[in-house]
Amino acid sequence: MVEIDWKLLRDNARGAVSRAYAPYSGFVVGSAALVDDGRIVVGCNVENVSHGLGLCSECVLVGNFMAGGGGRLVAITCCGEGGEILVPCGRCRQILFEHGGPGLLVDHKAGPRRMEQLLPDAFGPEEEERLRHA
């Protein structure tokens, strides 16, 4: 298993904040994740004038992660403009669960939390497979 350097991840997330596109809400978010092969991937939120079509930074991160070769996410952090730690929304928790599983560590102001704590009873790929054969 790769060692998690939370400071390095937070620094990368703060760097991604500067590339966010949030002209409508003004709420910029950056995220950074550690992949099981040691890579760090980043994302930033990208808004759209229709509002409902905006992308959270974690969604952009997962797209970048997949475009860069995929793998398994090990740890993730998200931050706002002031560097404050933010926790992913419910939609993003589900997307992150798909690529990191219940053991994915999510940065939290009270210390890292496992995804299974933040998204109990998650619907994952194995559940889809089970339902397909039911």
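Everything discussed here concerns the structure shown above.
Residues numbered from 1 in each chain as written. Predicted model: local features only at pLDDT ≥ 70, side-chain atom pairs only at ≥ 80, totals over all residues. Heavy atoms only, no water.

## Focus: the pairing of strand E1 (residues 29–35)
- Burial runs high along E1: seven of the seven residues are buried.
- Of the strand pairs in this sheet, E1 and strand E3 (residues 73–80) are connected by seven bridges, and their pairing is antiparallel. Residue pairing across strands places Ala33 opposite Ile76, the latter belonging to E3.
- Across five bridges, the pairing between E1 and strand E2 (residues 40–44) is antiparallel. (Buried < 20%, exposed > 50% of the residue type's maximum accessible area, 1.4 Å probe, protein only. Helix = DSSP H or I, 4+ residues; strand = E, 2+ residues; numbered from the N terminus. Pairing = 2+ DSSP bridges.)

## Re unusual backbone geometry
- Here His51, not a glycine, exhibits a phi torsion of approximately 65 degrees, which is positive.
- Here His51 shows up in the loop between E2 and helix H2 (57–67).
- Judged by its relative accessible area of 57%, His51 is exposed.
- One non-glycine residue, Asp121, lies in the positive phi region at around 55 degrees.
- Relative to the helices and strands, Asp121 resides in the loop between helix H4 (115–118) and helix H5 (125–132).
- Residue Asp121 is classed as exposed on the basis of its relative accessible area, which comes to 81%.

## A short note on the side chain of Asp107
- Along the chain, Asp107 turns up in the loop between strand E5 (105–106) and strand E6 (113–114).
- By relative accessible area, which is 0% here, Asp107 ends up buried.
- Within the structure, the side chain of Asp107 is placed 2.7 Å from the side chain of Thr77, a separation counted as a polar contact.
- The residues touching Asp107, leaving out its near neighbours within four places in the chain, are Trp6, Arg10, Ile76, Thr77, Ile85, Leu86 and Val87. (Polar contact = N/O pair within 3.5 Å; in protein donor to acceptor, adjacent residues only side chain to side chain. Contact = heavy atoms within 4.5 Å.)

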